[in-house]
Amino acid sequence: MATIAPERVATTVVLDGVVKNFGQTRVLHDLNLTIRPGEFVSLLGPSGCGKTTALRLIAGLEEPTGGAILMNGEDVTGVPTNRRDIGMVFQSYSLFPHLTAIDNTRFGLDMRKVPKDRARTLAAESLELVGLAALADRYPHQLSGGQQQRVALARALVTSPKVLLLDEPLSALDARVRVQLREEILRIQKELGMTTVFVTHDQEEALAISDRVAVMQGGRIEQIGTPEELYLTPATADVAAFVGLSSLLPATVTGGVARIWGRAVPVIGAAPDGEYRAFVRPEHLRVARAGESGMRGTVEASILLGSSRRTELRLASGEVVAMQHGVSLPPERGDEWLLVVEPAPVVVRPLA
Amino acid sequence: MTAAGTEAAVLAGPADGATPRPQVRLRLPPPAQLGLVPFGAYVVLFLVVPTVLAVATGFFDKAGRFTLDNVSALSDPVVVTTFWNSTWLSLLTAAVGALAGALVCYALLGVPAHHPTRSVIDALAGVLAQFGGVMLAFVFIAAMGRYSLLNVWLSGAGINIYAASNWLYELPGLIPPYIYFQIPLMVITFGPALDSLKPQWAEANLTLGGTRWTFWTRIGLPVLAPSFAASFLLLFANSFSAYATAAALASQGSQIVPLQVRAALTSETVLGRENLAGALALGMIAVMALVMTGYALIQRRAERWRR
Amino acid sequence: MRRASFHPHPVTRGVIGVLVGSFVLLPLLATLEFTLRDGDAHSLVHWAAIFDPAKAATYKPIWVGLSNSLVLMLVTIAVVLLLLAPTMILVNLRFPRLRRSMEFVALLPISIPAIVLVVGLTPIYLVIGRTLGTGAWTLAFAYGITVLPFAYRSIQAAIDAVNLATLAEAARSLGASWPTVVWRVLAPNLRGGLLAASLIAVAVVLGEYTIASLLNRQNLQTALVLVNKQDAYVSVIFSLLALLFCFLLLLIIGRTGNLGAARGKDR
């Protein structure tokens, strides 16, 4: 199994001040990003944020307008795609329709003039790695969407590329297959220790499998950090809004401390004194204990998430807040609860 | 109108004091099959019966007695020659038309679907490939004939293209107009196949270390091969069955099968046989059936790859 | 720039365009030049002659043929709209299992050369001649078959673009009668396909020669061949005009089809 694991040291990928224009439109502004050897980094953002363009620049499928791309310290900006030694999985339909799974998988080896027998062995191993050894002789049109993406992954991995690039490889799949395959990708990536860049618009997906996530917006990286950092200490309001669910509550900031519903909560980042709205996570709201003061809310709706429950309550001001709590608490529409905010750090946004 | 009548009767039902139910019926009245009868009868009368008649008459003589005499005429050297003429003319013009048409499709790659260039080329291709007929013969007589500007210029330069024979009105004269309608037919039939090449394949080829050359040799051409073969067969069938252009150009002689059918239809006897037209029709149908079956089989394979 | 690297280089595109373009356009231009000849000079004399009373007798067959072809167009369109289209709707709604057979039948005429069809149509038109007369309009029954593959494709494309069954069920569930469903709901949604099928019928009828000439009926094409023997110029002029007319028809089909497709994408 270890045959296709890269013998060489995993690669560092650096985007150094990369700028990209399409015609008159600037889609990437001065992008700086260092991806460490063996790291799994996701580029997360809404469509049009530039994440796919960034990936295609690393692949060499687009040329940067400015800046440089380095792999292991070597400037590869002018190196064409076919000599960059990368593996890429596309959104869909990238398998060659006239080749079987195994012939698709060995394509990159044939391009590298690997001897036929060796290529066949390596391709078979790669298919086994993605759990498709049994379907090696099937044509793409005989495979399901999930199976096709596994073959695409095997094909990208078989040459032990310097870096693995994944362009929303799961977005065309059913929810169940999506979760299954993303765990598989994570397992294989850890097994091979290959530097990997993953593009997605699905925050849950990004948080679940990445070592670090870069949240992109309008052609810029808003924040890069571990999933925990992004979730617990979002750097900007955009990140807070995009990653996870929040209720926007009125907050008065004085001296770096926000007062929400009469409670003091630390503020992330610098915020001059004034009136704000704070992003409060559902799990940072709870029902007041006896004797505590809080905000009164009326239960509007409640959904079971499995191991927990999310309930939406309407405040006297008319705002709706979301709160997460244990399943044991049975809410009923119209129930009146007294809510308090936990003192977990919050991000604030100036009032419109 | 039976349907409307039944409807009225049903609607009239609950009128006697009962609350009218909303009439939601997703079922047609039983004789829906009747609706298929007019078209079915039409197709039988004007497609099935003529085809069967055309083939069957070859097996009967003027007196209505069964005979294999006409069919055996298919092995007559004169008939064999015309079938051979039709075949090589179709093979040649289909080959040239397929290559030139494929080049046009290639040149159109990357031109957006709604671009005016595409609309104009599609419309031009449709006219020249399918509705030209006699008019193409006139165009070629005017463009290349004895009195054409081309011939005048060439004569001026001392070249007489009609020195050996008046070939434009004979078998070789069919080659230019046939190629002229084959190219646009290729554009129509092969274009969609070329457009279905996915940019991801080119990009995957690059990321896997391939070049532009390997894209075409290892991916593009193999993927397109079945579509190309299918289109070639369709072009062959198109030439093989074409009549109008040849009829207008070659007013005498029966160098190709359709013209021989004309001779058999308009004169009482050809090669001393009555009802030879039926036998020739049988021969043509046999060739067409072979070619079109091949077309359907290859096309099915091609479409599997194209989703 | 590096995107979709199999697209041709602009120079390649240009070379192919010029080469094949000149092969296609030069004969047409040479033909146009032919119609403009006036001795050794050029003028519109042959074009003006179309309406010259002195030549009216020579050109009469063309006008007869043209008017016959116009009648044939109308009857053929009627066959397409009143016979083919309703049957296709019925098959798609009520007998979806027959769809493949319907397609097979509709595309069959591609495999049967017109010249073969004529052999079998001859006895049938003998019967028609005795019952319905030998009027040129009767040819429309044969032309309906010739048009079948083209008309079928246009209408089926329109049917595939909308969900016919759901539309009909929705209308029925809202209380519409079947005639109302077909007229007020289905026909408007299939308008593009029906229009395209009708225009293609026009093009086919205008260019048809084989069946008319061998069944001894007069239409535009047989008239052009006839007149060509006395006056080559006028038949060439009418050929150019007919080609131009068909080209414009197909251009309209293409553009409206594109508009329909573009609208579909917005939804």
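All values reported here derive from a predicted model rather than from experimental measurement.

Our focus in this paragraph is the interface of chain B and chain C. The interface of chain B with chain C comprises 87 residues on the first partner and 87 residues on the second. Between chain B and chain C, the buried area comes to about 7,400 Å², and carbon and sulfur atoms account for 78% of it. By the criterion of area lost to chain C, the three top residues of chain B are F39(B), F46(B) and F131(B), representing 10% of everything that side buries. Joining chain B to chain C, the criterion identifies 0 salt bridges.

Moving on, we get to the packing of aromatic side chains. Given two aromatic rings, their pairing is described by the distance between the two centres and the angle made by the two planes. Applying the stated criterion to the full structure yields 23 aromatic pairs over all chains. Seen from their ring centres, F60(B) and F66(B) are 6.0 Å apart, and the 85 degrees between their planes marks the pair as edge-to-face. With centroids separated by 5.5 Å and ring planes inclined at 25 degrees, the aromatic side chains of Y162(B) and W167(B) adopt a geometry described as stacked. No difference in accessibility class separates Y162(B) from W167(B), as the two residues are buried. Among the aromatic side chains, those forming a connected cluster through ring pairs are Y42(B), F46(B), Y125(C), W137(C) and F141(C). Across the ring face of F96(A), the terminal group of R155(A) is positioned such that the distance to the ring centre comes to 4.7 Å.

With that settled, the discussion passes to the packing of helix α4 (residues 77–108) of chain B against helix α12 (residues 257–266) of chain B. Residue and element names in this part refer to chain B. For the pair α4 and α12, interaxial distance at closest approach is 8 Å and the crossing angle is 140 degrees. On the basis of their axis angle, the class for α4 and α12 is oblique. Taken together, the residues of α12 that come into contact with α4 (itself represented by V78, V79, T82, F83 and S86) are V257, P258 and Q260. Split into classes, the residues belonging to the contact of α4 with α12 amount to 5 nonpolar, 3 polar and no charged.

Moving on to a nonpolar patch on the surface. Residues and elements named next belong to chain C. A surface patch of nonpolar side chains, amounting to about 360 Å² of accessible area, comprises L25, L26, L29 and L32. Structurally, the position occupied by L25 is in helix α1 (residues 10–35). Taking relative accessible area as the criterion, L25 reaches 43% and is therefore assigned partly exposed.

What follows concerns the sheet that holds strand β12 (residues 257–260) of chain A. Residue and element names in this part refer to chain A. A sheet is described by the order of its strands in space; here 5 strands give the open sequence β13-β12-β11-β14-β20, paired in antiparallel fashion. The sheet terminates laterally at β13 (263–266) and β20 (347–350), the two strands that pair on one side only. Neighbouring strand axes in the sheet, compared pairwise and without regard to direction, differ in orientation by 45 degrees on average. Bridge analysis of strand β14 (residues 274–280) against β20 gives 4 bridges, and the strand direction is antiparallel.

What follows covers the packing of helix α7 (residues 164–173) of chain C against helix α8 (residues 178–189) of chain C. Residue and element names in this part refer to chain C. It is the contact of α7 with α8, at a shortest axis distance of 10 Å, that shows an interaxial angle of 135 degrees. When the axis of α7 is compared with that of α8, the two are oblique. The two elements α7 and α8 cross, and the hand of that crossing is right-handed. Counted together, L164, L167, A168, A171 and R172 of α7 and W178, V181, V185, L186 and N189 of α8 form the full contact between these two elements.

A word on helix α6 (residues 175–192) of chain A. For an α-helix, the turn length of 3.6 residues means that residues three or four places apart are oriented alike. Residue and element names in this part refer to chain A. Taking 1.5 Å per residue, 18 residues should reach 26 Å; α6 reaches 26 Å between its end C-alpha atoms and fits that length. Looking at α6, one finds that the buried residues are L181, R182, E184, I185, I188, Q189 and L192. Buried residues of α6, viewed axially, fall in a sector of 165 degrees; they line one side. Contact partners of the buried residues in α6: β3 (40–44), α4 (116–129), α5 (145–157), β7 (163–167), β8 (195–200) and α7 (203–209). Just downstream of α6, G193 is the residue with a positive phi angle, here 60 degrees.

Residue and element names in this part refer to chain B. With 32 residues, α4 should cover 46 Å at 1.5 Å per step; its first-to-last C-alpha distance of 45 Å lies within 8% of that length. Its side-chain oxygen at 2.8 Å from the backbone nitrogen of V78, D76 defines the N-terminal cap of α4. Downstream of α4 by one or two residues, G110 has phi in the positive range, about 90 degrees.

Residue and element names in this part refer to chain B. Counting all residues, the mean pLDDT for chain B is 84, and 87% of those residues have values of 70 or more. Considering each helix and strand of chain B separately, the mean pLDDT is smallest for helix α1 (residues 2–12), with a value of 38, and largest for α4, with 95. Scored below 50 in pLDDT, residues 1–22 shows 9 contacts in the model against residues more than four places distant or in partner chains.

Another point: the pattern of salt bridges. Residue and element names in this part refer to chain A. Applying the stated rule across the entire model yields 22 salt bridges over all chains. Notably, a salt bridge pairs E62 with R56, separated by 3.1 Å at the nearest N-O pair. For the pair E62 and R56, one class covers both residues: buried. Counted as one network, the salt bridges with shared partners bring together R150, E184, R187 and E191.

Right, let's get into the interface of chain B and chain A. Tallying the contact residues gives 20 residues for chain B and 23 residues for chain A. When the two sides are added together, the surface that chain B and chain A hide from each other amounts to roughly 2,200 Å², 65% of it contributed by carbon and sulfur. Area buried by chain B at its contact with chain A is led by T207(B), L208(B) and R218(B), which between them contribute 32% of it. For the pair chain B and chain A, the number of links is 2 salt bridges. Our enumeration of links across chain B and chain A arrives at 8 residue pairs in polar contact (both at pLDDT 80 or more). Counting residues per element, the side of chain B that touches chain A draws most heavily on helix α9 (residues 199–207) of chain B, at 7 residues.

Residues L165(A), F46(B), Y125(C) and I155(C) are the most contacted members of the largest nonpolar core, which totals 224 residues. Among all residues touching F46(B), those that are not within four sequence positions of it are L117(C), L121(C), I124(C), Y125(C), I128(C), F141(C), A142(C) and I145(C). The next biggest cluster of nonpolar side chains, apart from the first, holds 30 residues, and it includes F40(A), L95(A), I102(A) and L143(A).

About the criteria used
- Residues numbered from 1 in each chain as written.
- Chains lettered and ligands numbered in written order.
- Predicted model: local features only at pLDDT ≥ 70, side-chain atom pairs only at ≥ 80, totals over all residues.
- Heavy atoms only, no water.
- Contact = heavy atoms within 4.5 Å.
- Buried area = accessible area lost by both parts, 1.4 Å probe.
- Salt bridge = Lys/Arg side-chain N within 4 Å of Asp/Glu carboxyl O.
- Phe/Tyr/Trp six-rings, centres within 6.5 Å; stacked < 30°, edge-to-face > 60°.
- Buried < 20%, exposed > 50% of the residue type's maximum accessible area, 1.4 Å probe, protein only.
- Lys NZ or Arg CZ within 6 Å of the ring centre and 35° of its normal.
- Axes fitted to C-alpha atoms, helices over the stretch in contact; angles between N-to-C directions.
- Helix = DSSP H or I, 4+ residues; strand = E, 2+ residues; numbered from the N terminus.
- Parallel < 35°, antiparallel > 145°, perpendicular 65-115°, else oblique.
- Nonpolar A, V, L, I, M, F, W, Y, C, P; charged D, E, K, R; others polar.
- Patch = residues over 30% accessible without salt bridge, like charges linked within 9 Å, V, L, I, M, F, W, Y side chains within 5 Å.
- Areas by Shrake-Rupley, 256 points an atom, 1.4 Å probe, with all protein chains shown as cover.
- Pairing = 2+ DSSP bridges.
- Left-handed = near helix turned anticlockwise from the far one by under 90°.
- Expected span 1.5 Å × (residues − 1).
- Arc of directions from axis to C-beta.
- Polar contact = N/O pair within 3.5 Å; in protein donor to acceptor, adjacent residues only side chain to side chain.
- pLDDT = per-residue confidence, 0-100.
- Core = buried A, V, L, I, M, F, W, Y, C linked by side-chain atoms within 4.5 Å.

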